[in-house]
Amino acid sequence: MTEMPDGRLFIGGEWEWGSGAEITSIYPADGSVNLVLKGASRADGERAIASAITAQADPAWRGLKSHERARILHRIAGGIEANAARIAHIQTRDTGKTLRETGALAASAAGTFRYVAAALETLDDALTSQRGDYLTMSVHDPIGLVAAITPWNSPIASDAQKVAPALAAGNAVLLKPASWSPLVALELARIIEEAGLPKGLFSVLPGAGREIGNLLVEHPAIGKVSFTGGTETGRMLARQAAEKLMPVSLELGGKSPTIVFEDADTDLAIAGILYGVFSSTGQSCIAGARLFVQQSIYDSFVARLVTATRALRLGDPFDPETQVAPMVHPDHRASVAAMVDRAVAEGARVLCGGAAPTGGLFDKGAYYLPTILAGVTNAASICRDEVFGPVLAVLPFRDEADVIAQGNDNAYGLAAGIWTRNFPKAWRVARALQTGTVWINTYKQFSASTPFGGEKDAGLGREKGREGIRAYMAQKSLYVDLTGKPHPWARWPQGGA
Ligand code: NAD
């Protein structure tokens, strides 16, 4: 049995008991308590910020050459790999996600640190084209202090996605994980400490968004906030950031369309759609939650999809056969159930699911059946609002133009999926959809080298890729005189003492 962290927070390089409000981490498969810890208070946060200011001013990190910083990032990756089983176990207990998935998230986090380390070593500053008797260069400095605020749904992976590039750029980082999943970020702190990152550069501050999150956004010493979470929280945070004229990157919600054309390989499509919306029990920003099926194949395709959905295996997150695990928290399940009930009250037909399963372990855990709803239009609330649970709305469409219009008719623009054997058509539709990512004949694949982010209400900015490191740097232009002569405009008598 893997031991849980002891509940101390990592504040300015010291392991200390928090002095903020109590946080209870539960195992949502049976409601048992993993750990009760005290979160970070404002005073804890202010101490972490003070340590970060001192540590970041010291050239021990910001003054290192890129390849030297990369060495530490590789060590962090190695630490994650060496502790992957423990990290996966803790995260499964903390979030209820299957062990298979949390293992993949740990591997992805290690991969992010390795990719960022490699990319950092090869990020060149630029000599810009010369337009006068001076040399011009574009170079990059650290921003200083970066706050990373993350949600509960994929903690180790979303933490790494921010912490790796922000440290790589030479910054100090203050990480605030969500209160439903505080544990794995503390494991990451232990690994980062053991990898030899200079003290004070990294802190982990679990705690309430309104208290510790607010402090991080408003504090004058914080130079950038990188946020992943809900759209309304992101909007509020962007307003606060505007007061300080501080850059923010926002990875927010989604209501992603997936599109099946009549010429699609339907086996491929069904597998992709099931994975896209029901893996992670639908608690995924990029969940393909609106499915558009071309009219000519609608009935047969939806019938097969429903059969395949009913065959999904719900169960114990530690069982390797489990596909659909519990939701993160009973409160979240209640909000998902309420959204399904509202859809039904508004006229949706339940093709499968639509309730919590009962009997055995289901009576204790925060489970909800994979649910498919039909009989709604794209204007229905279930097609507008993010559910963040295992709920799929299916709708028919006529032709390419119709599905592009319906796909884009939504406040979000995070991702989309297209299934067709006709590549030129896939290309046209992919280019016409106003989303940050489009998958063609696949879904929910990720790569550390490929930028990720949203359009419209789904966010601002991109993470990942080489530019994902630049996002944590301040660009600076340097002009160097090549003449050795005073500027002619000045015209004062020269050569005197
Ligand atoms: P949330 O917005 O409630 O919380 C996210 C984080 O923000 C948490 O750490 C929370 O404590 C903090 N927070 C809350 N109020 C704050 C405030 N006033 N100031 C500063 N910080 C504050 O979101 P959640 O419920 O944890 O996560 C689910 C949401 O995250 C969904 O909408 C989902 O789509 C989104 N998400 C987006 C992506 C993406 O990459 N686009 C990835 C995962 C999740």
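As the structure is a prediction and not an experimental result, all values here were calculated from the model.

Our next topic: the pairing of strand β4 (residues 32-38). Taken together, the 6 bridges between strand β3 (residues 22-27) and β4 define a ladder with antiparallel strand orientation. From the neighbouring strand, tyrosine 27 faces β4, where its bridge partner is serine 32. Between β3 and β4, which pair antiparallel and follow one another directly, the connecting turn spans 4 residues, one of which, glycine 31, has a positive phi of 80°.

Inspection of the secondary structure assignment puts aspartate 94 in helix α4 (residues 84-95). For aspartate 94 and serine 335, which are 241 residues apart along the polypeptide, the C-alpha to C-alpha distance reads 19 Å. Not counting residues up to four positions away in its chain, the partners in contact with aspartate 94 are Ser25, Ile26, Pro28, Asn34, Trp180, Ser181, Pro182, Leu183 and Val184.

Okay, the sheet that holds strand β6 (residues 134-142) next. Strand order across the open sheet formed by 3 strands is β5-β6-β22, with antiparallel pairing between neighbours. Strands with a single pairing partner mark the edges of an open sheet, and in this sheet they are β5 (126-128) and β22 (473-481). The average angle at which neighbouring strand axes cross in this sheet is 30°, direction not considered. Where β5 meets β6, 3 bridges bridge the pair, whose relative direction is antiparallel. Bridge pairing in β6 places leucine 127 opposite methionine 137.

Within the largest apolar cluster, 79 residues are counted, with the highest numbers of intra-cluster contacts made by Ile76, Phe113, Phe202 and Val225. Among the elements that line this core, the one with the most residues is helix α5 (residues 99-121), at 9 residues. Those residues within four positions of phenylalanine 113 in sequence are excluded, and the remaining contacts are Leu73, Ile76, Ala77, Ile80, Ala160, Val163, Ala164 and Leu188. Counting residues in hydrophobic clusters, the runner-up holds 36 residues, among them Ala269, Ile286, Val293 and Ala374.

So, about the pattern of salt bridges. Evaluation of the coordinates by the stated rule reveals 23 salt bridges. Measuring nitrogen to oxygen at the nearest pair gives 3.2 Å for the salt bridge that ties arginine 235 to aspartate 457. Note that arginine 235 is positioned in helix α9 (residues 231-244) and aspartate 457 in the loop between β20 (455-456) and β21 (459-460), a separation of 222 residues in sequence. Owing to a relative accessible area of 32%, arginine 235 belongs among the partly exposed residues under this scheme. Of the residues examined, aspartate 457 reaches a relative accessible area of 25% and is grouped as partly exposed. With a shortest N-O distance of 3.3 Å, aspartate 263 and lysine 425 are connected by a salt bridge. Of this pair, aspartate 263 sits in the loop between β12 (257-260) and α10 (266-278) while lysine 425 sits in helix α15 (residues 423-432), and the two are 162 residues apart along the sequence. Taking relative accessible area as the criterion, aspartate 263 reaches 23% and is therefore assigned partly exposed. Taking the relative accessible area as the measure of exposure, lysine 425 reaches 12% and is therefore buried.

With that settled, the discussion passes to the domain arrangement of the chain. Along its sequence, the chain is organised into domain 1 (9-251 + 466-478) and domain 2 (257-440). Just the C-alpha atoms count here: the centres of domain 1 and domain 2 sit 31 Å apart. Carbon and sulfur atoms supply 63% of the area buried between domain 1 and domain 2, which totals about 1,800 Å² over both sides. Considering only the surface of domain 1 that becomes buried against domain 2, Thr98, Trp152 and Trp180 emerge as the three largest contributors, covering 29% of it. Our count for the contact surface shared by domain 1 and domain 2 stands at 0 salt bridges. Only β3, α4 and α5 provide two or more residues apiece to the side of domain 1 that touches domain 2.

Right, let's talk about empty space enclosed by the protein for a bit. Applying the stated criterion across every chain yields a total of 4 cavities of 30 Å³ or more. In this structure, the largest cavity spans a volume of roughly 80 Å³. As for the largest cavity, its lining consists of Thr112, Tyr115, Val116, Gln161, Pro165, Ala448, Lys464, Gly465, Gly468 and Ile469. If you tally residues by element for the lining of the largest cavity, the top one is α5, at 3 residues. Of the residues belonging to the lining of the largest cavity, the class tally is 5 nonpolar, 4 polar and 1 charged. Each pocket or cavity is described by its volume, and for the second largest cavity that value is around 60 Å³. In this structure, the second largest cavity is lined by Gly254, Lys255, Gly282, Ser284, Cys285, Ala287, Ala289, Glu386, Val387, Phe388 and Gly389.

It is worth spelling out a nonpolar patch on the surface at this point. There is a patch of nonpolar side chains on the surface, built from Phe423, Trp427 and Ile440 and spanning about 320 Å² of accessible area. Looking at the element boundaries, phenylalanine 423 is found in helix α15.

Neighbouring residues of the ligand: 25 residues in total, closest Thr150, Lys176, Thr233, Leu252 and Glu386. Glycine 230 places a main-chain nitrogen or oxygen 2.8 Å from an oxygen atom of the ligand. Measuring from an oxygen atom of the ligand, one finds a side-chain N or O atom of threonine 233 at 2.7 Å. Taken by itself the ligand offers 850 Å² of open surface, and the protein chains cover 86% of this. Every element with two or more residues in the shell around the ligand is listed here: α8 (209-218), β10 (222-228) and α9. It is α8 that provides the largest number of residues to the shell around the ligand, a total of 3 residues. Class assignment of the residues belonging to the shell around the ligand gives a composition of 12 nonpolar, 10 polar and 3 charged. Residue assignment places the shell around the ligand across two domains, with domain 1 (9-251 + 466-478) and domain 2 (257-440) each supplying three or more.

On to the side chain of glutamate 463. Its place among the elements puts glutamate 463 in the loop between β21 and α16 (467-470). When its relative accessible area of 4% is taken as the criterion, glutamate 463 is described as buried. Only 2.7 Å separates the side chain of glutamate 463 from the side chain of lysine 162, close enough to count as a polar contact. Those residues in contact with glutamate 463 that lie beyond four places of it in its chain are Gln161, Lys162, Ser226, Thr228, Ser249, Glu251, Thr450, Pro451, Phe452, Gly468 and Tyr472.

Conventions used here
Residues numbered from 1 in each chain as written. Predicted model: local features only at pLDDT ≥ 70, side-chain atom pairs only at ≥ 80, totals over all residues. Heavy atoms only, no water. Pairing = 2+ DSSP bridges. Helix = DSSP H or I, 4+ residues; strand = E, 2+ residues; numbered from the N terminus. Contact = heavy atoms within 4.5 Å. Axes fitted to C-alpha atoms, helices over the stretch in contact; angles between N-to-C directions. Core = buried A, V, L, I, M, F, W, Y, C linked by side-chain atoms within 4.5 Å. Buried < 20%, exposed > 50% of the residue type's maximum accessible area, 1.4 Å probe, protein only. Salt bridge = Lys/Arg side-chain N within 4 Å of Asp/Glu carboxyl O. Domains from an automatic or database assignment. Buried area = accessible area lost by both parts, 1.4 Å probe. 1 Å grid on protein atoms, 1.4 Å probe; cavity = no way out; pocket = protein on both sides within 12 Å on 5 of 7 lines; lining within 4 Å. Points joined across faces, edges and corners; volume = space filled by probe spheres on them. Nonpolar A, V, L, I, M, F, W, Y, C, P; charged D, E, K, R; others polar. Patch = residues over 30% accessible without salt bridge, like charges linked within 9 Å, V, L, I, M, F, W, Y side chains within 5 Å. Areas by Shrake-Rupley, 256 points an atom, 1.4 Å probe, with all protein chains shown as cover. Near = heavy atom within 4 Å. Polar contact = N/O pair within 3.5 Å; in protein donor to acceptor, adjacent residues only side chain to side chain.

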